[in-house]
There are 4 protein chains.
Amino acid sequence: MTAHNFQLVLDDINDAIRPLLGKEGQVASYIPALARVPAQQFGIALRTRDGQEAASGDAAVPFSIQSMSKVFTLTLAMKHLGEHLWERIGREPSGNPFNSLVQLEQERGKPRNPFINAGAIAVADRLVTQGNAKADILALVSSLCGEAVQIDAEVAQSEADTGFRNAALANFMKSFASLDNDVATVLDVYFAQCSIRMNCEQVARAAAYLCRDGRHPRTNAPVVSERLTRRINSLMLTCGTYDAAGEFAFRIGLPCKSGVGGGIVAVVPDQLTLCVWSPALDATGNSLLGMKALEMFAGQTGMSVF
Amino acid sequence: MTAHNFQLVLDDINDAIRPLLGKEGQVASYIPALARVPAQQFGIALRTRDGQEAASGDAAVPFSIQSMSKVFTLTLAMKHLGEHLWERIGREPSGNPFNSLVQLEQERGKPRNPFINAGAIAVADRLVTQGNAKADILALVSSLCGEAVQIDAEVAQSEADTGFRNAALANFMKSFASLDNDVATVLDVYFAQCSIRMNCEQVARAAAYLCRDGRHPRTNAPVVSERLTRRINSLMLTCGTYDAAGEFAFRIGLPCKSGVGGGIVAVVPDQLTLCVWSPALDATGNSLLGMKALEMFAGQTGMSVF
Amino acid sequence: MTAHNFQLVLDDINDAIRPLLGKEGQVASYIPALARVPAQQFGIALRTRDGQEAASGDAAVPFSIQSMSKVFTLTLAMKHLGEHLWERIGREPSGNPFNSLVQLEQERGKPRNPFINAGAIAVADRLVTQGNAKADILALVSSLCGEAVQIDAEVAQSEADTGFRNAALANFMKSFASLDNDVATVLDVYFAQCSIRMNCEQVARAAAYLCRDGRHPRTNAPVVSERLTRRINSLMLTCGTYDAAGEFAFRIGLPCKSGVGGGIVAVVPDQLTLCVWSPALDATGNSLLGMKALEMFAGQTGMSVF
Amino acid sequence: MTAHNFQLVLDDINDAIRPLLGKEGQVASYIPALARVPAQQFGIALRTRDGQEAASGDAAVPFSIQSMSKVFTLTLAMKHLGEHLWERIGREPSGNPFNSLVQLEQERGKPRNPFINAGAIAVADRLVTQGNAKADILALVSSLCGEAVQIDAEVAQSEADTGFRNAALANFMKSFASLDNDVATVLDVYFAQCSIRMNCEQVARAAAYLCRDGRHPRTNAPVVSERLTRRINSLMLTCGTYDAAGEFAFRIGLPCKSGVGGGIVAVVPDQLTLCVWSPALDATGNSLLGMKALEMFAGQTGMSVF
């Protein structure tokens, strides 16, 4: 399929989705800066392995990437630590809400996987140990998408002011000695990474290494090895969408990572990366129309890993 | 890769695995007929989309397929019921052992997915409602592999004599009205399906429709639709290997379904199906060397959905 | 306080409770024979340590004693087994609904205490091992209240027909080898004991040994030792009223055991035993007005262990 | 029994316990100041309703009262708030370790009772809202025992430095809006109350209102009402000893509250209060020999609420 064709596919999807905007789902409301984002927006963008791009709808409107940032921090941590990363973080789907403490207690402070909040906080802890975590994350993401990305300071402050559940998770892991660094420092990084603002075009580009054997979309230098790239994709498929990973695999069939800002990044291994965004969420915390758009994309293109 | 090459790959894997036989893992011991299976066996067989076959090691030795049967019963139930199947069975990974009651209580008698024991018992219940469940299962599997397969009566009896956990699961679902039929009838089917004996070659052939758009490996008639086929593959990847689905996706990257008899069936979508068997299990109930063999296969052929 | 005074107290309570009948709560509806019991009934009866009796309201109307029977089976089992009983049954409050499987899984098939369903089924199993369980239970209760008590066959049959949750509990314990006897035999005893019919006067008399150092209310022979009697009282206080034991201790302050038939038996150690009955239950499965009546009794007489 | 007799009883118990010191159990080791307390110590003291006192062993050696402080903070909070206290705190035994997060998640941030850590933190929060929490607690306890008691600053600092589990509990409740005040302020009070140092004689005296209808042991003024006093006793019996409340009720039969410093305070309603102390703990976190001493006391005096 050519880039031209992809443009038609994305426009078709945009046309089909727009009449549905604002009908169902709820915008994340736990912090004011997210709650006031208008629900009636939808964007979609893709970038093929060889660099062709297509976009439709509100693909240039920036939004809070939230948990989508976990893909980039995991990438950094895997690059630094390789298999040692798994000493204190698991790789199994959780079968529980993304911010649950139950499983963390059963498994004595070892998070089930790097994409639930506890796991991402543990990843942030490793990045703090490893270097200048916040700067390293911003540098990686900016380099990948070819533009300086920013942390939304208001969102980061709101996350910190209301992030008691995340503070509970971090303190709980600390009580099991699962964090190296102090809780406040680690949470500061975690809240910052969640508050990065990007648009669909930027995300599709930044994730491109996931469909190109780990190679940087612009420089072609390895971001991570091919083997680790496939492993990140597998984690996205089994654990990337909270407690709806089975549903995503079943209906969409692609590795995805979602965020409560309404974005979802998807990978067609060896072929392309894709980002959709629409702020209203379903009960599992995933973008309702973003998910529908991905299902249409998989249906129309026949692209599925299964 | 040609069939000839596949033969070399399987022989290589067999050569690498045999020295490891009997060193690690435990043969399932909960029933005598399984406990007395010698641990020092290993077989591997594959069948490509277009019908070429290769096999190595103990690929012709029959074994108890156990939970691998859940793929065939799910196929039958999806064929009959389509999306209605999901009214009383979920599609999410469980994050708990395969025979856990905890999650079943939290979700008020609705099993998380069709591959945990509770889910497979619920699928068996639907097959009882739908027809002559035991005969229907044997007819499907026999037709698929082109030879009459049998239920091992001794194993079935032992399963019934010791299957208190499964009886607990079935009664528990019945208490939530999640089963149509009486508990004894449903368990009889479930214990029978688990007691089917097949060898690696037969399993690789019987599963072949999963890599050929749902088409029967011998008649080419649709067993299930292409769409449902891809959905079965997605369920295998996210839920097919007990509480090690993340580990399988990470290390092997293929849809798999394992059984405590030591077998694992794997699918390379659109390309081939593969069955490995070695009786000694790891702590998650999956064949330890079977899993290692699949990892070698994925590594050597580069075949992975990611 | 004299018996005459007690009569006044019970009449006062009856007068206060009757206007409230039928206003709140729900009669147990899981079996028809319980569901059709008219809600607008209330009875209360007591028997002092030295044998004076008082009763008011529907104290002579028989009802299904249900879980109140667990006091008598526990007494029999403690008498036979002494401290050995605790090898497979715990003594701690459960913090979970009376028929929960979760805790039973966490504690590997060992029920938390003899008053949750799993624990009472385990007690019934010991009585089967020990003798002729059903006959032994009826003989004890009949002897204690001085009249032949009967099992309601219709209720027992309904319990068996719908008791899937109890069958799940029994099979689950059997899977952990926590039951000696086969599941069907044990459940038959359990369903029979729950189906005994008695009235308030009979229950107050039958429980009398609990306020008289374990001595039989009519023969004065020891039913169990004084020490075991005090231990039964302690178990009633901490575990006797499902997940409302704290609430009972707080508001009433007496050892109590309730049943879903609407009865509650209470002990004032060294002084008297008391039975109240009113069929409508609160959300915890305890008689709503029975509990209120006990609270009034404790308030008016100042009788509380605290 | 006269005071003289009580002295004999306590001396007997002391004689029986001393040879057992240092043989079993483990001193709490989570903070250095507790870990270095020599295990081979045992004290016991009591005070009757009318003010007679007896003591034996190391009854004058001060120790860290830890969770025993929860009785005094609960008393203060009940006095201020009456039944309103129960709006955000339950009254049921927990069936889980004292610092578990699981139940807190299931019950959406409402602690099961005021004696598990989460509940005591919630009580501390109410005291912060109500006044000058730390000063109020010290004033109450000092007044009750007739001597100024102190917070051990080293212990309080250690609690703060290592109290990640408590910080997790507090943040978790804050995420459910179950705390009024900020987490740091509330934890500061909680860590301070746990760090109060007292000896057995002081504790027996300070708790005396619990056996005298809520009246102050020295001034006779009401500390709390008689009704609330009985309710505090009931909470101690059902919830006062972590996950061993059933065991305490069964073996000792008295309302008790223990602390990981090795102290246990017990109440014989209307008769006396008692404090035992020995630093080595059993697996449930209760003083192993303290519990044994209380069992001997109940056995020798026949004092039991059952």
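Given the structure is predicted, the values throughout are model-derived calculations rather than measurements. (Residues numbered from 1 in each chain as written. Chains lettered and ligands numbered in written order. Predicted model: local features only at pLDDT ≥ 70, side-chain atom pairs only at ≥ 80, totals over all residues.)

Draft legend 1. The arrangement of helix H9 (residues 183-194) of chain B in detail. Its 12 residues place the ends of H9 of chain B 16 Å apart at the C-alpha level, agreeing with the 16 Å of an ideal helix rising 1.5 Å per residue. Counting buried positions along H9 of chain B yields nine of 12 residues, so the element is predominantly enclosed. (Helix = DSSP H or I, 4+ residues; strand = E, 2+ residues; numbered from the N terminus. Expected span 1.5 Å × (residues − 1). Buried ≥ 20, exposed ≤ 12 C-beta atoms within 10 Å, placed from the backbone.)

Draft legend 2. Spatial organisation of the pairing of strand E3 (residues 53-57) of chain B. Residues and elements named next belong to chain B. Within E3, four of the five residues are buried, which leaves it mostly tucked inside the rest of the structure. Of the strand pairs in this sheet, strand E2 (residues 43-48) and E3 are connected by five bridges, and their pairing is antiparallel. Residue Ala45 lies in a different strand from E3, and its bridge partner there is Ala55. The hairpin formed by E2 and E3 contains four residues between the paired strands, and Gly51 there has a positive phi angle of roughly 100°. (Pairing = 2+ DSSP bridges.)

Draft legend 3. Molecular detail of the relation of the copies chain D and chain C. The transform that puts chain D on chain C rotates by 180° and translates by 0.0 Å along the axis, for an RMSD of 0.0 Å. The operation mapping one copy onto its partner corresponds to a two-fold rotation axis. Both copies contact each other with a shared surface, as 100% of the interface residues of chain D are interface residues in chain C too. (Least-squares fit on C-alpha atoms with pLDDT ≥ 70 in both. Contact = placed C-beta atoms within 7 Å.)

Draft legend 4. Summary view of helix H3 (residues 69-81) of chain C. Residues and elements named next belong to chain C. For H3, which comprises 13 residues, the first-to-last C-alpha distance of 18 Å matches the rise-based estimate of 18 Å (1.5 Å per residue) to within 8%. Where burial is concerned, most of H3 is hidden: 10 out of the 13 residues are buried. Buried within H3 are the following residues: Ser69, Lys70, Val71, Phe72, Thr73, Leu74, Thr75, Leu76, Ala77 and Met78. Downstream of H3 by a residue or two, Gly82 has a phi angle that is positive, lying close to 55°.

Draft legend 5. Just the interface of chain D and chain C, in detail. Contacts between chain D and chain C engage 29 residues on the former and 29 residues on the latter. Looking at the side of chain D that touches chain C, the elements with two or more residues in it are helix H11 (226-239) and helix H12 (245-251) of chain D. Considering each element in turn, the side of chain D that touches chain C owes the most residues, eight residues, to H11 of chain D. Across the side of chain D that touches chain C, the residue classes break down as 11 nonpolar, 11 polar and seven charged. (Nonpolar A, V, L, I, M, F, W, Y, C, P; charged D, E, K, R; others polar.)

Draft legend 6. Broad picture of the sheet that holds strand E7 (residues 256-258) of chain A. All names here are of chain A. In space, the five strands of this open sheet follow the order E3-E2-E9-E8-E7, with antiparallel pairing throughout. Each edge of the open sheet carries a strand with a single partner, namely strand E3 (53-57) and E7. Between one strand axis and the next, the sheet turns through 10° on average, direction left out of account. (Axes fitted to C-alpha atoms, helices over the stretch in contact; angles between N-to-C directions.)

Draft legend 7. Focus on the arrangement of the chains. Separated in space, chain A and chain C share no contact, their closest pair of C-alpha atoms being 10 Å apart. Structurally, chain B and chain D remain out of contact, their C-alpha atoms never closer than 10 Å.

Draft legend 8. Highlighting the environment of Gly163 of chain D. Residue and element names in this part refer to chain D. Assignment of secondary structure puts Gly163 in the loop between helix H7 (153-162) and helix H8 (164-175). For Gly163, a count of 24 C-beta atoms within 10 Å puts it in the buried group. In this structure, the C-alpha to C-alpha distance between Gly163 and Ile44, residues 119 residues apart in sequence, is 30 Å. Non-local contacts of Gly163, meaning those with residues more than four positions away in its chain, are made with Leu187 and Phe191.

Draft legend 9. Geometry of unusual backbone geometry. Phi at Gln66 of chain A is positive, roughly 50°, even though this residue is not glycine. Its place among the elements puts Gln66 of chain A in the loop between strand E4 (63-64) and helix H3 (69-81). Look at Asp270 of chain B: it is not a glycine, yet its phi comes out positive at around 70°. With 12 C-beta atoms packed within 10 Å, Asp270 of chain B lands in the exposed category.

Draft legend 10. Spotlight on the packing of helix H8 (residues 164-175) of chain C against helix H9 (residues 183-194) of chain C. Residues and elements named next belong to chain C. Axis separation between H8 and H9 bottoms out at 10 Å; the angle between their running directions is 135°. The angle between the axes of H8 and H9 places the two elements in the oblique class. In the crossing of H8 with H9, the sense of the turn from one axis to the other is right-handed. Where H8 abuts H9, its residues Asn166, Ala167, Ala170, Asn171 and Lys174 lie against Val183, Val186, Leu187 and Tyr190. For the contact of H8 with H9, the class distribution of residues is six nonpolar, two polar and one charged. (Parallel < 35°, antiparallel > 145°, perpendicular 65-115°, else oblique. Left-handed = near helix turned anticlockwise from the far one by under 90°.)

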